[in-house]
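# Coordinate inspection notes
Letter by letter, the chains look like this.
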Amino acid sequence: MNPRYCGMFTYSRALPHHWLLAALALVALADHPSWARAEARAEVGFQEIEESLTCQCGCGLTVHSCNHVDCGSAIPLRKEIREQMALGKTKEQILAYFEQKYGEKILSSPTTRGFNLLAWLTPFFAVLFGGVLVGWTLRKWSKRKTTVQPSTEPGRSRAMSAEDDQRLRQELERLEL
């Protein structure tokens, strides 16, 4: 082996055994066993379902976020979620189960059916309507014609519109009376 010097480190061209062992250890750690991956997926699914349900204790938070100690609602709901997951149901089936059992109020976001569809679409229509209204108003303002007459008096530097000129004359006449 011919050691080489590169900056601060000296290394050889042949890969030492401890680097090979470290690389194998990283590969082994990176590749989780299938049961660990399935468990991790189940926990992610459980958390997603928890976040999709509203706690019924009155805190206004999701089942996942409810921070009441020994909450009378979140703890039984979590248990029920685990029971439904143990039956092999999908997230949609579990949410449908809870919606059927407790009503739509248990869902943390409104469904996209019936009247709730209006709640989803109304903000978009309001923004669209506001944009159209602002555009129409700006266009109307930009097309407004102002007639400015050149000043007939010497020394008058600023031109006034005919309307302003007439209003100024009326005000002056009123003051002279």
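A brief look at the structure comes next. For clarity, every value in this text was computed on a predicted model and none was experimentally measured. (Residues numbered from 1 in each chain as written. Predicted model: local features only at pLDDT ≥ 70, side-chain atom pairs only at ≥ 80, totals over all residues. Heavy atoms only, no water.)

This brings us to the overall build of the chain. Counting its secondary structure elements, the chain contains six helices and four strands. Counted from the first residue to the last, the chain has its helices and strands arranged as β-β-α-α-α-α-α-β-β-α. A total of 177 residues make up the chain; the buried ones form 15% of that total. For the chain, restricting intrachain contacts to residue pairs at least 6 apart in sequence, the fraction spanning at least 24 positions comes to 32%. (Helix = DSSP H or I, 4+ residues; strand = E, 2+ residues; numbered from the N terminus. Buried < 20%, exposed > 50% of the residue type's maximum accessible area, 1.4 Å probe, protein only. Contact = heavy atoms within 4.5 Å.)

Where helix α3 (residues 74-86) meets helix α4 (residues 91-102), the axes come as close as 10 Å, and the angle between the chain directions of the two elements is 130 degrees. For the element pair α3 / α4, the angle class is oblique. For α3 against α4, the interelement crossing comes out right-handed. Each of L77, E80, I81, Q84 and M85 in α3 lies in contact with α4, whose residues at this interface are I94, Y97, F98, K101 and Y102. Along the lines of polarity and charge, the residues of the contact of α3 with α4 split into seven nonpolar, one polar and two charged. (Axes fitted to C-alpha atoms, helices over the stretch in contact; angles between N-to-C directions. Parallel < 35°, antiparallel > 145°, perpendicular 65-115°, else oblique. Left-handed = near helix turned anticlockwise from the far one by under 90°. Nonpolar A, V, L, I, M, F, W, Y, C, P; charged D, E, K, R; others polar.)

The next thing to look at is the side chain of T54. As for its placement among the helices and strands, T54 is situated in the loop between α2 (34-52) and α3. Setting aside anything within four residues of it in sequence, one finds T54 in contact with L61, T62, V63, L77, K105, I106, L107 and S108.

For α3, built from 13 residues, the straight-helix expectation of 18 Å at 1.5 Å per residue is met to within 8% by its first-to-last C-alpha distance of 18 Å. Taken together, the buried positions of α3 are A74, L77, E80, I81 and Q84. The arc enclosing the buried residues of α3, seen along the axis, measures out at 120 degrees, which places them on a common side. Looking at α3, the residues exposed on the side facing more than 90 degrees away from the buried face are K79 and A86. (Expected span 1.5 Å × (residues − 1). Arc of directions from axis to C-beta.)

By size, the foremost hydrophobic cluster in this structure holds 15 residues, and its most contacted members are I49, L53, A74, I81, F98 and I106. For this core, the elements supplying multiple residues, two or more each, are α2, α3 and α4. (Core = buried A, V, L, I, M, F, W, Y, C linked by side-chain atoms within 4.5 Å.)

Before going further, it helps to spend a moment on the pattern of salt bridges. Scanning the model with the defined rule gives six salt bridges in all. Close ionic contact of E50 with R78 constitutes a salt bridge, the shortest N to O distance being 2.7 Å. Separated by 28 residues along the polypeptide, E50 in helix α2 and R78 in helix α3 bring together distant segments of the chain. When its relative accessible area of 4% is taken as the criterion, E50 is described as buried. (Salt bridge = Lys/Arg side-chain N within 4 Å of Asp/Glu carboxyl O.)

Our focus in this paragraph is unusual backbone geometry. Notably, D70 is not glycine yet its phi reads approximately 55 degrees, a positive angle. Within the secondary structure, D70 is located in the loop between α2 and α3.

Here we take up the packing of aromatic side chains. Taken as a whole and assessed by the stated rule, the structure comprises two aromatic pairs. Ring centres 5.3 Å apart and planes at 80 degrees place the aromatic pair Y97 and F98 in the edge-to-face group. According to the relative accessible area criterion, Y97 is partly exposed, its value standing at 24%. On the basis of relative accessible area, F98 is assigned to the buried category, the value being 0%. Ring centres of F98 and Y102 lie 6.0 Å apart, and the angle between their planes is 15 degrees; on these two criteria the pair is classed as stacked. (Phe/Tyr/Trp six-rings, centres within 6.5 Å; stacked < 30°, edge-to-face > 60°.)

Further remarks concern a nonpolar patch on the surface. Residues L117, W120, L121, F124, F125, L128 and V132 make up a contiguous nonpolar surface patch of about 730 Å² in total accessible area. Residue position: F124 is located in helix α5 (residues 115-143). Take F124: its relative accessible area is 61%, and that puts it in the exposed class. (Patch = residues over 30% accessible without salt bridge, like charges linked within 9 Å, V, L, I, M, F, W, Y side chains within 5 Å. Areas by Shrake-Rupley, 256 points an atom, 1.4 Å probe, with all protein chains shown as cover.)

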